[in-house]
Amino acid sequence: MSGRAALFDMDGTLVDSTEVVETLWTEFGARHGIEPARILSYAHGRQSRDIVARFLPETSVDAATAALLEEELNRLEEIRAVPGAPEFLTRVAAHVPVAIVTSAPRRLAEARLAAAGVPVPDVLISGGDVRTGKPAPEGYLLAARRLRIPAGACLAFEDAEAGLAAAMGAGAFTVVVGNHDSPRANALPRLPDFTNLSVTGRAGAVTISSTPDAPVTRREPRRP
């Protein structure tokens, strides 16, 4: 796979925050009498304010979102990098422009990246930088514009359904990171993580290929 720029989601893609995120939303559901499974099936990859607005439309969305942010900032010790992510981002950035496109607020994004040891690129598109969050493609389109590279010439790395829809909607060549299972994900190239990958650059583009230990695969759709 090759591209003239690389666009990365953060949570679940570069940063392993899944356990923290699921715990927070489970606690949120318990406090408000909402079945956690309902929230978790919707939440991954989306902005917190969009989740709050969906499940508690009559509450103060801004106040509830701000309270959640403070809880998230108090749980940074549980944050880890996805295997190989810091090194991979650095290697790719040596050849082409890179950006991070996250649904998280900038303050939380920078804190989680620092906690995980993932370098922060010059272009970081946070939830506060867009009017419409994932699954809308606005964040990816904005990142491509700031990098001055057409979105269709970019590689995008995502782990969740909303993010995959956003990256594909922007026209980027989209790669699944991790084990997310859906018809959309299973039709795309997939990396288990960022280890054992070859990164080479030539003529303003980067080419990423796998070693035998880390095949880039397409998962077969589930049979009924």
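Caption draft 1: Molecular detail of the packing of aromatic side chains. Across all of its chains, the model carries eight aromatic pairs by this definition. A centroid spacing of 6.0 Å and a plane angle of 70 degrees characterise the contact between F157 and F194, whose relative ring orientation is edge-to-face. Here F157 is found in strand 7 (residues 154-158), whereas its partner F194 is found in the loop between strand 9 (190-191) and strand 10 (197-202), with 37 residues between them in sequence. Judged by relative accessible area, F157 falls into the buried class, the value being 0%. Residue classification places F194 among the buried positions, given a relative accessible area of 2%. Here a set of aromatic residues connected by ring pairs shows up, and it is made of F8, F88, F157 and F194. The ring of Y42 has R54 sitting right over it, with the charged end atom 4.2 Å from the ring centre. Above the ring of F55, the side-chain terminus of R54 is found at 5.9 Å from the ring centroid.

Caption draft 2: Region of the structure containing the nonpolar core. Ranked by internal contacts, the top residues of the largest apolar core, which has 36 residues, are F8, L14, F88, V92, F157, F194 and I208. For this core, the leading source of residues is helix 6 (residues 106-116), giving five residues. Apart from residues no more than four positions distant in its own chain, F88 is found in contact with F8, F157, F194, L197, V199 and I208. Counting residues in each nonpolar core, the second largest holds 21 residues, with Y140, A153, A166 and A170 among its members.

Caption draft 3: Up close: the sheet that holds strand 8 (residues 173-177). Spatially, 6-5-2-7-8-9 is the arrangement adopted by the six strands of the open sheet, whose pairing is parallel. The sheet is open, and its two edges are formed by strand 6 (123-125) and strand 9, each paired on a single side. Two strands pair when backbone bridges link them, and strand 2 (residues 5-8) and strand 7 are joined in this way by four bridges, in the parallel orientation. Note on strand 7: the bridge partner recorded for F8 is F157. Here helix 7 (residues 138-147) sits on the sheet in contact with strand 2, strand 5 (98-101), strand 6 and strand 7, set at roughly 160 degrees to strand 6.

Caption draft 4: Examining empty space enclosed by the protein more closely. In this structure the tally under the stated criterion is one cavity of 30 Å³ or more. Here the largest cavity defines a volume of roughly 60 Å³. Looking at the largest cavity, the residues that line it are Q47, V101, T102, S103, I125, S126, V130, T132, G133, K134, A136 and G139. Class assignment of the residues belonging to the lining of the largest cavity gives a composition of four nonpolar, seven polar and one charged.

Each value, and the rule that gives it
Residues numbered from 1 in each chain as written. Predicted model: local features only at pLDDT ≥ 70, side-chain atom pairs only at ≥ 80, totals over all residues. Heavy atoms only, no water. Phe/Tyr/Trp six-rings, centres within 6.5 Å; stacked < 30°, edge-to-face > 60°. Helix = DSSP H or I, 4+ residues; strand = E, 2+ residues; numbered from the N terminus. Buried < 20%, exposed > 50% of the residue type's maximum accessible area, 1.4 Å probe, protein only. Lys NZ or Arg CZ within 6 Å of the ring centre and 35° of its normal. Core = buried A, V, L, I, M, F, W, Y, C linked by side-chain atoms within 4.5 Å. Contact = heavy atoms within 4.5 Å. Pairing = 2+ DSSP bridges. Axes fitted to C-alpha atoms, helices over the stretch in contact; angles between N-to-C directions. 1 Å grid on protein atoms, 1.4 Å probe; cavity = no way out; pocket = protein on both sides within 12 Å on 5 of 7 lines; lining within 4 Å. Points joined across faces, edges and corners; volume = space filled by probe spheres on them. Nonpolar A, V, L, I, M, F, W, Y, C, P; charged D, E, K, R; others polar.

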